[in-house]
Amino acid sequence: VHRHGHVVSMCPARLVVATDVTAEEAARAELRETNRKLQVASEMANLGHWTNDFRTGVIQWSDELYRIFGLEKDTFPLTLDAIRKQFHPDHRKQFDNDILRVFQGGKMVESEHCIVTPAGEEKWIMERISLLVDENNQPNRLEGIALDITPLKNSQRAIIQSNERYELVMQAAIEAIIDWDVVK
C-alpha cells in the first residue's frame, strides 16, 4: 500500500511457523534407548512383567513373559482364566490365593509356581504381585513380575537327588563294613 492509500501491488502472503523440536527428539531417542536396554536386561534375566488395569479391563504382558510361558503374543487370549490354565493344576489354587492375599492387605505377595508350557514343559517361576491404588485408596491395578527360576529348581533337585544317593551309598558302605567285620 502506497503512502497515499493506493495499492501498488499485491503479493500472496505466507505465514511460516517453526518450532525447535530438538529437545523432544532427544528425549524420544533417549526413551527408545532406555526401552531397548530394559528389553535386553529382561531377556538376560529371564524376567517378565505384567499389568492388569481394573479401570480398562486390559491385561498386558511383556514379550519376555510370553517367552517364559512358551506362548505366542498374537494368539494367546490374555484373560485371567486363560492365564490360570497355564499354571500346573497343583498350583492353580495357590495362584488364586495369591491374588486374594494381595487384595486382603498384602500390598505385595511373592511366591513360586510351577507352570506348564503348551509344549508340555514344566517350568518354575518366582512371581511378585503388587496392588496399586488410586488417590481414594481404591484398587485400580495389579502389577507383577515373573522370574524364570527353572534352572535354579533343576539344580536344587539335582543336589537333593545326589544327597539321597550319597546317603544310600554311605548306608550300604557302613553295612558292608560291619558285615565284613562280622565274617572274620
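Basis of the calculations
Residues numbered from 1 in each chain as written. Predicted model: local features only at pLDDT ≥ 70, side-chain atom pairs only at ≥ 80, totals over all residues. Heavy atoms only, no water. Helix = DSSP H or I, 4+ residues; strand = E, 2+ residues; numbered from the N terminus. Buried < 20%, exposed > 50% of the residue type's maximum accessible area, 1.4 Å probe, protein only. Areas by Shrake-Rupley, 256 points an atom, 1.4 Å probe, with all protein chains shown as cover. Polar contact = N/O pair within 3.5 Å; in protein donor to acceptor, adjacent residues only side chain to side chain. Contact = heavy atoms within 4.5 Å. Pairing = 2+ DSSP bridges. Phe/Tyr/Trp six-rings, centres within 6.5 Å; stacked < 30°, edge-to-face > 60°. Lys NZ or Arg CZ within 6 Å of the ring centre and 35° of its normal. 1 Å grid on protein atoms, 1.4 Å probe; cavity = no way out; pocket = protein on both sides within 12 Å on 5 of 7 lines; lining within 4 Å. Points joined across faces, edges and corners; volume = space filled by probe spheres on them. Nonpolar A, V, L, I, M, F, W, Y, C, P; charged D, E, K, R; others polar. Salt bridge = Lys/Arg side-chain N within 4 Å of Asp/Glu carboxyl O.

Helix and strand counts for the protein stand at 5 helices and 5 strands. With 184 residues in all, the protein has 26% of them scored as buried. If you sum the accessible surface of the protein, you get close to 13,600 Å²; carbon and sulfur atoms cover 56% of it.

This paragraph deals with the side chain of Ser111. Relative to the helices and strands, Ser111 resides in strand 3 (residues 108–116). For Ser111, the side chain forms a polar contact with the side chain of His113, separated by 3.0 Å. If sequence neighbours within four positions are ignored, Ser111 has contacts with Gln94, Asp98, Ile125, Met126 and Glu127.

So, about the pairing of strand 4 (residues 122–133). Of the strand pairs in this sheet, strand 3 and strand 4 are connected by 9 bridges, and their pairing is antiparallel. Bridging across to strand 4, Met108 finds its partner in Ser130. Hairpin connection of strand 4 to strand 5 (residues 139–148): 5 residues between the antiparallel strands, including Asn137 at a positive phi of 65°.

What follows concerns the packing of aromatic side chains. Enumeration over the complete set of coordinates arrives at 6 aromatic pairs. An aromatic cluster is built from Trp61, Tyr66, Phe69, Phe76, Phe87 and Phe95, whose rings are joined through pairwise contacts. A cation over a ring is seen here: Lys153 above Trp124, with NZ or CZ 4.7 Å from the ring centre.

Moving on, we get to the layout of surface pockets. When its volume is computed, the largest pocket comes out at roughly 190 Å³. What lines the largest pocket is a set of 17 residues, and nearest its centre among them are Trp50, Leu80, Ile83, Phe95 and Ile99. Its residues assigned to classes, the lining of the largest pocket shows 15 nonpolar, 1 polar and 1 charged.

Attention now goes to unusual backbone geometry. Excluding glycine, residues mostly have negative phi values, and the peptide bonds linking residues are mostly trans. You will see that Asn137, though not glycine, has its phi angle at about 65°, which is positive. You can see Asn137 is positioned in the loop between strand 4 and strand 5. Taking relative accessible area as the criterion, Asn137 reaches 52% and is therefore assigned exposed.

Our focus in this paragraph is the pattern of salt bridges. Inspection of every chain in the model, using the stated rule, returns 10 salt bridges. Lys73 is the partner of Asp63 in a salt bridge, and the nearest nitrogen-oxygen pair spans 2.9 Å. Linking Asp63 in helix 2 (residues 63–69) with Lys73 in the loop between helix 2 and helix 3 (80–84), this pair joins segments that are 10 residues apart in sequence. The partly exposed category is assigned to Asp63, whose relative accessible area is 39%. One salt bridge connects Glu110 with Arg128, and the closest N-O pair in it is separated by 2.5 Å. Taken together, the residues Glu110 in strand 3 and Arg128 in strand 4 connect sequence positions 18 residues apart. Of the residues examined, Glu110 reaches a relative accessible area of 44% and is grouped as partly exposed. Exposure remark for Arg128: the relative accessible area of 30% places this residue in the partly exposed category.

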